[in-house]
Amino acid sequence: MRTFTRINTLGGWAVGAIATLTYWLTVEPTASFWDCGEFIATAYTLGVPHPPGAPLYLLIAHLFAYLSLGDPQQVAYWINVLSVLCSGLTVTFTFWTITLLGRRLLNIPPGKASIEQMILLLGSGAVGALSLTFADTFWFSATEAEVYAMASLFVAVGVWVMLRWEAAWDHNPAQAHRWLILLAYVLGLSVGVHLLSLLIIPSVALMYYFKREPSPTMFKTGRALVVGAGLLLLVMFGLGGLTTLAAKLDIFLVNQLGMPFGSGVVVSIALLILGLGYGLYRSAQRGHVTLHTAWLAFTFLWIGYLSYALIPIRASQNPGVNLNNPNHVVRLLAYLNREQYPSRPLLYGPYFTAELQAQEAGSTIYERGEDAYYLKDRRLEQIYDDKTQTILPRMGSMVDSDADLYRQWAGLRPNEKPDFADNLTFLFRYQLGHMYLRYFLWNFAGRESDRQEAGWLTPWEGWQKIPSIMADNAARNNYWMLPLLLGITGMIYQYLHHRSGFWVLLTLFLMTGVVLVLYANNPPIEPRERDYVFAPNFYAFSLWIGLGFLSVAVWLKRRFSLPMLGRLAIPMVCLAIPLLMGVENWDDHDRSGRYFSVDAARNMLASCDENAVLFTGGDNDTYPLWYVQNVEGFRTDVRVLVTSFANVDWYIEQMYRPLYQSDALPLSLSMQNYQQGGPNDYLPYMENPRVKGAIDAHQYLQLIKKGSPALQAKTALGPLNTIPARTLYFQGDSSRARASVPEQYQMYQTDQLRLSLTANGLEKKDLLILDMIDSGRWKRPLYFNVTSERSVNFDLTPHLVQEGDTFRLVPLENPQPDQRLIDTSKMYQRLMHDFAYRGLNDPDAYYHGTYLMYAANYRMNFNTLAQALLTEGKPEQAREALHKALEVIPDAAIPYDIGSIQSVPLLLAVGEKEKADHIADTVSRRYDELLTYLTEHENPQYRRDQSIGMFALNEFARVYAEAGFPEQALAYQQLLRRHQEAG
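The rules we used
- Residues numbered from 1 in each chain as written.
- Predicted model: local features only at pLDDT ≥ 70, side-chain atom pairs only at ≥ 80, totals over all residues.
- Heavy atoms only, no water.
- 1 Å grid on protein atoms, 1.4 Å probe; cavity = no way out; pocket = protein on both sides within 12 Å on 5 of 7 lines; lining within 4 Å.
- Points joined across faces, edges and corners; volume = space filled by probe spheres on them.
- Helix = DSSP H or I, 4+ residues; strand = E, 2+ residues; numbered from the N terminus.
- Pairing = 2+ DSSP bridges.
- Contact = heavy atoms within 4.5 Å.
- Axes fitted to C-alpha atoms, helices over the stretch in contact; angles between N-to-C directions.
- Salt bridge = Lys/Arg side-chain N within 4 Å of Asp/Glu carboxyl O.
- Buried < 20%, exposed > 50% of the residue type's maximum accessible area, 1.4 Å probe, protein only.
- Nonpolar A, V, L, I, M, F, W, Y, C, P; charged D, E, K, R; others polar.
- Core = buried A, V, L, I, M, F, W, Y, C linked by side-chain atoms within 4.5 Å.
- Phe/Tyr/Trp six-rings, centres within 6.5 Å; stacked < 30°, edge-to-face > 60°.
- Lys NZ or Arg CZ within 6 Å of the ring centre and 35° of its normal.
- Expected span 1.5 Å × (residues − 1).
- Parallel < 35°, antiparallel > 145°, perpendicular 65-115°, else oblique.
- Left-handed = near helix turned anticlockwise from the far one by under 90°.

A. Layout of empty space enclosed by the protein. Under the counting rule described, the total for this entry stands at 6 cavities of 30 Å³ or more. Estimated volume of the largest cavity: approximately 80 Å³. Lining of the largest cavity is provided by Arg859, Asn863, Leu882, Ala885, Leu886, Ile889, Tyr896, Gly899, Ser900, Ser903, Leu907 and Ile919. For the lining of the largest cavity, the secondary structure elements donating two or more residues are helix H32 (850-871), helix H33 (875-888), helix H34 (898-901) and helix H35 (903-909).

Here you go:
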């Protein structure tokens with residue numbers, strides 16, 4: 001047995017080393033898009049990320065940042081390596097878990113494993129662990145700075161500890177309890193990373209029941225599952241319950257008894273310590289082993305949870321990223337409860353067609369004042385008719401754009417009201433089918449592409465002839481369903497030969513899959529694919545893949561009389577399955593050589609003049625900026641202001657403080673004017689007969705500042721300030737205004753900047769922007785990117801000038817707002833000399849999704865610059881700009897897109913017909929293939945490409961005709977006509 005233990009240990013480390021090497025070779029060298037930039041920035045500075053936080057992850061990642069040895073541009077790489085190591089360790093524990101399960105299945109007594117059995121166990125561990133190694137979702141999480149790699153590690157460690165307890169129970173039940181205490185500590189620590197690992201608790205309860213009950217029954221098994229679910233809820237809500245108690249106690253002790261702030265925290269912690277100490281003392285005194293173990297486990301669970309102390313400690317120090325600013329216990333409670341996010345009803349709620357009957361003031365929201373807590377606001381409760389509500393609501397989003405998608409997925413006609421059957425249809429078709437089963441099959445059957453909403457591949461699709469646009473997609477991976485079939489074989493084999501183990505593993509599989517889907521209650525559209533949350537589910541299935549290897553070997557042994565070498569050699573062919581997955585997935589998981597997420601952020605900041613304020617709107621145009629400013633220290637004079645956060649007071653409060661090299665924002669309104677729950681949360685437009693035309697924005701803001709009754713209206717939300725006109729104007733400072741307007745547009749300068757409403761009112765973010773325009777008086781340049789420009793509720797377009805990747809607000813009036821004004825001198829300097837484009841010309845680098853979208857935007861920026869230069873009579877500079885675009889973003893690295901299509905007439909205009917022909921010929925050939933294919937095969941993810949293809953052919957026909965090349969124009973016209981007739 002010692003020999004097997006030693007070999008098993010080495011085998012686990014060997015497989016883990018293979019996984020670690022794989023991930024290390026393919027890791028992203030810098031901060032990827034989405035949340036990675038935020039996590040790296042908050043880990044490096046020990047800031048506060050989005051709720052509910054990940055303090056343990058931040059602490060460990062902060063240690064890894066020191067491996068950069070003082071080079072800030074290496075910080076992201078080393079924090080990414082943390083995910084590499086966590087994922088490699090997860091694979092190691094997966095190996096050991098499979099061999100433990102295999103020993104149970106083969107019923108091998110301790111120390112009695114034969115050489116053949118040892119080889120089979122090691123082979124099963126290798127097949128299952130390597131299948132997880134090369135699984136699509138798990139590999140994706142292993143190469144970026146996100147919490148899911150570490151969360152998966154905690155799940156794997158938890159399951160392994162659970163099985164070690166089971167194995168130890170057979171020899172010494174009393175000593176085995178130490179594994180349960182370790183498990184509790186692991187779960188407590190894991191909460192500081194992600195709540196996913198808590199989903200193993202029902203499986204732990206079920207395994208405990210099976211070990212304690214020699215004759216399990218269906219009723220008692222169900223009861224054990226109920227107990228496990230209760231324990232899960234107790235841990236999930238019990239840990240946060242201490243914060244709830246501390247917050248309520250603090251409000252009472254401070255407001256009623258005059259005690260200092262924090263008294264409730266001290267009392268709550270003291271009560272917890274006394275309670276744990278008393279429980280440990282009494283259970284030890286009684287000699288009750290099970291009860292004492294439970295108290296010890298509970299104690300270690302709390303010890304692990306203590307990492308959350310980091311959040312309020314760091315928030316009180318005002319780090320560069322401090323979301324929700326949970327610097328005291330009341331704010332910490334709101335942070336942990338994720339109160340900034342809209343809630344999704346799980347057990348009972350309305351359909352999307354429900355009409356709002358009333359809005360009522362709900363629970364109170366307190367804020368810390370000078371010497372007491374004060375009532376800041378009340379949560380708003382929406383009241384709907386019971387007839388329009390249902391149990392287990394799945395279609396409850398009230399976002400207008402979601403309604404059509406609900407109808408589409410549920411098969412509803414326009415204006416048809418849904419019923420419970422439609423509710424279940426949406427659950428099974430979209431939430432379980434599209435948002436879970438599709439991801440599952442991506443990992444174990446095959447993936448169609450890396451496009452949003454891509455489907456999975458069947459084996460027979462591997463022989464289909466498809467157009468190059470589809471075939472060249474690196475993420476088109478077909479595993480011929482072999483991992484899936486091997487896993488199903490393992491499931492059946494475990495069910496037949498180890499029934500209790502099967503139910504434990506099935507519970508884990510369902511909790512991390514179906515139950516997670518029910519809890520998430522996804523709306524009908526997501527900004528990106530969400531497969532990463534199911535990484536623990538795919539880990540669970542990989543355990544069955546390993547057991548599937550055992551089942552094949554056992555079946556061969558029983559079916560055929562083969563010598564041992566033959567019995568071992570044939571099942572070893574199963575190792576080809578993870579090898580196939582690795583070969584298929586390598587090219588679309590190799591992130592090495594990819595830098596553009598960070599370069600795009602640096603370029604956006606480099607598009608701004610000194611001491612600017614840059615408004616952003618979404619995750620991908622914000623988090624990378626946080627990274628380059630907080631970690632690399634690049635352009636810290638620019639204050640990044642996120643419009644999606646600027647409707648809440650905690651974020652606006654931070655704008656009153658300097659940050660790095662950026663001064664505090666110039667604001668005339670006080671924080672009282674921006675207070676949550678005040679009269680400026682939303683300012684509806686209400687026509688005032690006495691107000692004619694536009695109003696003076698400065699006077700309007702002064703009335704807001706004074707709390708003038710003339711602006712107030714009583715509403716269901718309480719008294720709100722209103723806006724009495726649809727247009728505001730700012731009287732400009734002529735000297736500063738003139739200096740901010742580009743020389744070529746001085747004729748458009750206006751002393752009266754007019755902003756017209758595009759909605760039925762103003763939000764707090766709009767009020768903040770108006771305040772900055774009025775108070776700043778053009779001292780600090782104000783810039784918007786595309787996302788933030790669209791997010792405000794007044795029309796900025798006539799007053800914006802593009803200076804690179806951003807648009808500057810200046811006091812001018814564009815006579816043709818549909819045509820952007822371009823500061824060609826600044827834009828030329830920035831695009832041609834200041835911007836970085838690392839890796840965009842590397843054909844071996846892998847780009848998809850957001851990267852391709854950004855590349856298309858840059859191609860269009862070069863086109864915009866070239867067109868403006870041509871208009872100004874500067875064809876040579878226009879030619880240089882177009883050449884630069886082709887040089888830094890070539891087709892070999894990033895295929896021609898709609899930006900390239902728009903380059904064709906510009907290239908012809910500067911006499912570069914050969915380059916124009918290459919783009920037109922390449923694009924038309926690709927879309928000809930695709931359009932021909934789509935006439936016979938419906939594929940929703942290529943609908944946009946279908947439209948682009950028709951646009952391209954029509955555009956080429958028009959452009960070449962206008963440029964005096966009738967033969968080429970005719971060829972494109974004929975190609976277009978053929979597809980129009982076919983379509």
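B. Local environment of the sheet that holds strand S19 (residues 821-822). Read across the open sheet, the 6 strands follow the order S8-S7-S16-S18-S17-S19; overall the sheet is mixed. Taken across any chain shown, the strands that pair with only one partner, and hence form the sheet edges, are strand S8 (639-642) and S19. Pairing of strand S7 (residues 613-616) with strand S16 (residues 782-784) involves 3 bridges; the strand directions are parallel. Across the sheet, the residue bridging to Leu614 is Tyr783, located in S16. Along the sheet, helix H29 (residues 764-776) contacts S7, S8, S16 and strand S18 (807-809); its crossing angle with S7, the most-contacted strand, is approximately 160 degrees.

C. Region of the structure containing the environment of Cys574. The topology assignment puts Cys574 in the loop between helix H22 (564-569) and helix H23 (576-589). Measuring from C-alpha to C-alpha, the distance between Cys574 and Pro483 comes to 9.2 Å, with 91 residues separating the pair along the chain. Those residues in contact with Cys574 that lie beyond four places of it in its chain are Val127, Leu486, Phe549 and Val552.

D. Region of the structure containing the pattern of salt bridges. In the structure shown here, the tally under the stated rule is 38 salt bridges. Close ionic contact of Lys765 with Glu763 constitutes a salt bridge, the shortest N to O distance being 3.9 Å. Residue Glu763 is classed as partly exposed on the basis of its relative accessible area of 23%. Three or more residues joined by partner-sharing salt bridges are found here, namely Arg331, Glu367, Lys376, Asp649 and Glu653.

E. A look at the layout of surface pockets. Put simply, the second largest pocket is a space of about 830 Å³. Lining the second largest pocket are 24 residues; nearest its centre among them are Leu180, Val204, Leu231, Ala294 and Ala297. When contributions to the lining of the second largest pocket are tallied by element, the ones reaching two or more residues are helix H8 (173-191), helix H9 (201-212), helix H10 (218-257) and helix H12 (289-305). In terms of residue count, the dominant contributor to the lining of the second largest pocket is H12 (8 residues). In the lining of the second largest pocket, the residues fall into 20 nonpolar, 3 polar and 1 charged.

F. Quick look at the nonpolar core. Core analysis: the biggest nonpolar cluster contains 217 residues, and Tyr57 and Leu641 have the highest contact counts within it. Per-element accounting of this core gives the leading share, 17 residues, to helix H4 (residues 75-106). Membership of the second largest hydrophobic core comes to 69 residues, among which are Leu821, Ile889, Ile901 and Val910.

G. The arrangement of the pairing of strand S3 (residues 373-384) in detail. In the sheet, strand S2 (residues 356-368) pairs with S3 via 10 bridges, with the strands oriented antiparallel. Considered in S3, the bridge of Ala361 is made with Leu380. Where S2 folds back on S3, the antiparallel hairpin that results is connected by 4 residues.

H. Highlighting the packing of aromatic side chains. Evaluated as defined, the whole model comprises 62 aromatic pairs. For the pair Trp165 and Trp169, a centre-to-centre distance of 5.5 Å together with 50 degrees between the ring planes defines the contact as tilted. Of the two residues, Trp165 and Trp169 both sit in helix H7 (residues 148-169), 4 residues apart, roughly one turn of that helix. On the basis of relative accessibility, which here comes to 15%, the residue Trp169 falls in the buried class. In this structure, Arg591 is placed above the aromatic ring of Phe140, and the distance from its NZ or CZ to the ring centre is 4.4 Å. The aromatic ring of Phe965 is capped on one face by Lys913, whose charged end is 4.6 Å from the ring centroid.

I. Highlighting H32. The terminal C-alpha atoms of H32 lie 31 Å apart, and with 22 residues this matches the ideal 32 Å at 1.5 Å per residue to within 8%. Phi turns positive, to about 75 degrees, at Gly873, one or two residues after H32.

J. Region of the structure containing the sheet that holds strand S14 (residues 752-756). The 3 strands are arranged S10-S13-S14 in an open sheet whose pairing can be described as mixed. In the strand order of this sheet, the two ends are held by strand S10 (695-696) and S14, each with one partner. Looking at chain direction, strand S13 (residues 727-731) and S14 are connected through 5 bridges and run antiparallel. Across the sheet, the residue bridging to Phe730 is Leu753, located in S14. Across the face of the sheet, H29 comes into contact with S13 and S14 while running at roughly 20 degrees to S13.

K. Region of interest: the environment of Leu767. Checked against the element boundaries, Leu767 lands in helix H29. Considered as a pair, Leu767 and Leu683 are 84 residues apart in the sequence and their alpha carbons are 8.8 Å apart. Each residue touching Leu767, except ones within four places of it in the same chain, is listed here: Leu669, Tyr674, Asn680, Leu701 and Ile704.

L. Seen up close, helix H18 (residues 482-497). Here H18 is 16 residues long and its end C-alpha atoms lie 23 Å apart, about the 22 Å a rise of 1.5 Å per residue gives. Taken as a whole, H18 has its buried residues at Pro483, Leu484, Leu486, Gly487, Gly490, Met491, Tyr493 and Gln494. Along its buried surface, H18 packs onto H4, helix H5 (115-133), helix H16 (420-444), helix H19 (499-511), helix H21 (535-559) and H23.

M. Representation of the side chain of Thr750 within the structure. The residue Thr750 is located in the loop between helix H28 (734-740) and S14 in this model. Beyond its immediate stretch of four places on either side in the chain, Thr750 contacts Pro811, Leu812 and Glu813.

N. Representation of the packing of H9 against H10. Running from amino to carboxyl end, H9 crosses H10 at an angle of 140 degrees, the nearest separation of the two axes being 8 Å. In terms of orientation, H9 and H10 fall into the oblique class. Crossing of H9 against H10: the hand is right-handed. Residues Ile201, Pro202, Ala205, Leu206, Tyr209 and Phe210 of H9 touch H10, and the partners they reach there are Lys220, Thr221, Ala224, Leu225, Gly228, Ala229, Leu231, Leu232 and Val235. A per-class count over the contact of H9 with H10 returns 12 nonpolar, 2 polar and 1 charged.

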